[in-house]
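# Working through the structure, step by step
The residues making up each chain are set out below.
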Amino acid sequence: MNFVAGSSWAEHNAGTNAIGTAIVIGSPIQVFAGEHFCQELQKWTFSAAPIRDPATQKTLGVINMAGLWAVNHPHILSVVASAAQDVNGMLRKQVKWERFKLLKYYQSRNISWQSKSCLAVLDRGGKVMKASPLLYEQALIDSNHFLISIPSRSLPLTSRMYGECEHLNGTWRFELTPYIYGGMPIGAIVYVIPPTLTSFKGIYFAAKSSFTGVMDATLPSLSSTNSLNSGAIIRNLNDKKQAVEKKLIQLPDFYKSLFDHNPDGIYSCDLQANLLDVNPALERMIGYTVKELQEISLPSLFLPESLERGMEYLEKTMKGKQQEYEVAIRHKNGYRIDLEVNNFPIFIDNEIVGVYGSVKDITKNKQIEEDLKSTRQQLDLFLKNTVDSIIIFDLKHNVIKVNQAFEEVFGWTEQEVIGRKKPIIPSFLVAKYTEILQKIVNNRHVMSFETIRQRKDGSLIDVSSFVSPIVNAKGNVTAFVSILRDITEHKRMEEALKESEKRLRTLINAMPDVVILKDGEGRWLEANDSALSYFQFENVPYYGKKNSELGKGTKVDVILPTYYKAAFERTGSGQRSVKTHSFRDGMVS
């Protein structure tokens, strides 16, 4: 069904399906059997529910469950919807935590009514969390809690931006700065300058029609009616000509930023392995707050199977040796997390007083490794036990892998063919085979066909060939898998059967009598030329039909029943089986 990483289940690619339709309509849905657009999916029933970012209302993904339609449980859709609600609830808690951090920052800025500039704090969706009273009084914040000058839910919180809008009694100017916490933007701080002032901290504004030294950011322009004129919102591109006074950043600020905004988790502990501090990235990673972690020791986070190894590396670090290792811990919510840890000692006055650690979450990588290992084991098991010959080769037809059945059927060992052109294609079929592979590359479709292949001893065999493309993450064909089944014996049997049928046909056609072969249900299987001529069936498709279907009131409907009655009276047999009877006109023979 193409449930692989990178495959698209959007409606415009896969037609009606639960995943794509749930994204379009934004609510849980169940698509049952024949309701699917793709024929292969009509054996299944899919139930899906979307996951949304509570701040931006953008769809982040979909939870989906699938099963064969015949065994679908009526509560599956409810289960999926409930799971989606749980995930959305976790995301709402995350947004609540982000908003708490934003409000805490707002309070620390202590912007008051008497301040010359006003302040507004926005979450990731552009919603105002807190703002100076003047902004409410001047109707710069609408009833939905959005600044009238800022396009809601559409701002990329990646860099500082400036803008202005005409509102009531003059031009209001804005400076929007993303608020970064733990290396990720969780909102924005907007400084608002009333019409009576003309600058932000030494950043002066030119006339509305001209922003000297600054390029247009192609964002919507600002106005009191939310229709923004060109050039109103601009990015700070740090143009050397821009009149910006750079602050002298002290060294401790660099260290604090390195700790607070590092995307990797960072922690410190004393020589008793008691946690002293962690950065926001590690808080998010393991689910605990700094305060909670300061009340526990580092070993208490390790899973039992990782405790001994984790303590061993920690003790080596406390002796002055940097250590890199992997360890498994338990998240606050109870699930396992695999971490890659880099420990190094903390030196003060040439004495080790503790340990610093930087942490990466490698849970997804571990899962991918396990999946690949499992897939490789299943593939090896399939290759070893299948009776079909399997050969994997690249776009230049160089062999990558063959199985044991290939060696037994064609005579070459794997070592003899690896890295070489496929030796099993007869020279007279090379051009045709190359054409087939090109079609597979162009169409990305599997192809099956019967053909001829060559053994190591030069003998030719008939095979049924199934060729499938191997596609990378970008959708490009990188190799092929060919499954070959020796059908030489099958072909011999077909030829023998055809020859037998030919001899039978020759024999019954040589007879002057009318000869008809029927099954036990009275359906015609075979008739000689005399029969076809007698009943005038030379151009009639008689195979599989009964007398009544071939023509009521004709010779076949009148003569044959009389013949059968006479034949049964003579033989005394009422058995229904495949029999051959012959007769001359007017009498049974």
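Residues numbered from 1 in each chain as written. Predicted model: local features only at pLDDT ≥ 70, side-chain atom pairs only at ≥ 80, totals over all residues. Heavy atoms only, no water.

Scanning the chain for helices and strands turns up 16 helices and 25 strands. For the chain, the proportion of contacts with a sequence separation of at least 24, taken over those separated by at least 6, is 45%. (Helix = DSSP H or I, 4+ residues; strand = E, 2+ residues; numbered from the N terminus. Contact = heavy atoms within 4.5 Å.)

A word on the sheet that holds strand S1 (residues 29-32). One open sheet holds the 3 strands; their spatial order is S1-S2-S3, and the pairing between them is antiparallel. Both outer strands of the open sheet, S1 and strand S3 (59-68), are each paired with one neighbouring strand and no more. On average, each strand axis in the sheet is tilted by 20 degrees relative to the strand beside it, whichever way the strands run. Sheet analysis places strand S2 (residues 44-52) next to S3, joined by 9 bridges and oriented antiparallel. Within S3, the position partnered with Pro-50 by the bridge is Val-62. (Pairing = 2+ DSSP bridges. Axes fitted to C-alpha atoms, helices over the stretch in contact; angles between N-to-C directions.)

A few words on the pattern of salt bridges. Taken as a whole and judged by the stated rule, the model has 21 salt bridges. Ionic pairing is found between Arg-503 and Glu-499, a salt bridge with its closest N-O pair at 3.9 Å. In this pair, Arg-503 and Glu-499 both sit in helix H13 (residues 488-510), 4 residues apart, roughly one turn of the helix. On the basis of relative accessible area, Arg-503 is assigned to the exposed category, the value being 52%. Among the ionic contacts, a cluster of salt bridges with common partners joins Asp-53, Glu-98 and Arg-124. (Salt bridge = Lys/Arg side-chain N within 4 Å of Asp/Glu carboxyl O. Buried < 20%, exposed > 50% of the residue type's maximum accessible area, 1.4 Å probe, protein only.)

It is worth spelling out the packing of aromatic side chains at this point. The description of an aromatic ring pair uses the distance of the two centres, along with the angle that the planes make with each other. What the rule picks out here adds up to 11 aromatic pairs. Its end group placed over the ring of Phe-393, Lys-422 keeps NZ or CZ at 4.1 Å from the ring centre. The lysine or arginine in question, Arg-453, covers the ring of Tyr-433, its NZ or CZ lying 4.8 Å from the ring centre. (Phe/Tyr/Trp six-rings, centres within 6.5 Å; stacked < 30°, edge-to-face > 60°. Lys NZ or Arg CZ within 6 Å of the ring centre and 35° of its normal.)

Bringing helix H8 (residues 304-318) into the picture now. Taking 1.5 Å of rise per residue, 15 residues should cover 21 Å, and H8 covers 22 Å from first to last C-alpha, within 8% of that figure. Buried within H8 are the following residues: Ser-306, Gly-310, Leu-314, Thr-317 and Met-318. Contacts from the buried residues of H8 go to strand S12 (265-270), strand S14 (323-330), strand S15 (336-348) and strand S16 (351-361). Downstream of H8 by one or two residues, Gly-320 has phi in the positive range, about 105 degrees. (Expected span 1.5 Å × (residues − 1).)

As summarised here, the arrangement of the 5 strands in space is S13-S12-S16-S15-S14, forming an open sheet in which the pairing is antiparallel. In the strand order of this sheet, the two ends are held by strand S13 (275-278) and S14, each with one partner. Taking each pair of neighbouring strands and ignoring which way they run, the sheet shows an average axis angle of 30 degrees. Relative to S16, S12 runs antiparallel, the two being bridged by 6 bridges. When the sheet's bridge partners are listed, Ile-266 is paired in S16 with Ser-358. Helix-sheet contacts for H8 involve S12, S14, S15 and S16, and the interaxial angle to S14 is about 145 degrees. Relative to the sheet, helix H9 (residues 363-385) contacts S14, S15 and S16, its axis offset from that of S15 by approximately 135 degrees.

Take the environment of Phe-3 next. One can find Phe-3 in the segment before helix H1 (11-14). If we ignore the near neighbours within four places in the chain, the residues touching Phe-3 are Trp-9, Ile-19, Phe-46 and Asn-64.

It is worth spelling out the pairing of strand S4 (residues 118-123) at this point. The side chains of a regular strand alternate between the sheet's two faces. Within S4, 6 of the 6 residues are buried, which leaves it mostly tucked inside the rest of the structure. Residues Cys-118, Ala-120 and Leu-122 line one face of S4 and the alternating positions Leu-119, Val-121 and Asp-123 line the opposite face, and both faces are buried. As judged from the 6 bridges shared by S4 and strand S8 (residues 184-193), these two strands associate in the antiparallel manner. The residue of S8 that forms the bridge with Asp-123 is Gly-187. In terms of strand pairing, S4 meets strand S5 (residues 128-131) through 3 bridges, oriented antiparallel. Bridge pairing in S5 links Val-121 to Lys-130. The turn joining S4 and S5, which pair antiparallel and follow one another in sequence, is formed by 4 residues; a positive phi near 85 degrees is taken by Gly-126.

So, on to the confidence of the model for the chain. Looking at the chain, pLDDT values average 79 and 80% of them are 70 or higher. Confidence over residues 199-249 falls short of pLDDT 50; this stretch has 101 contacts with residues more than four positions distant or in other chains. (pLDDT = per-residue confidence, 0-100.)

So, on to unusual backbone geometry. For His-145, which is not glycine, the phi dihedral falls at a positive 70 degrees. With respect to the helices and strands, the residue His-145 is situated in the loop between helix H4 (133-137) and strand S6 (161-167). Residue classification places His-145 among the partly exposed residues on the basis of a relative accessible area of 37%. Backbone geometry places His-397, a non-glycine residue, at a positive phi of 70 degrees.

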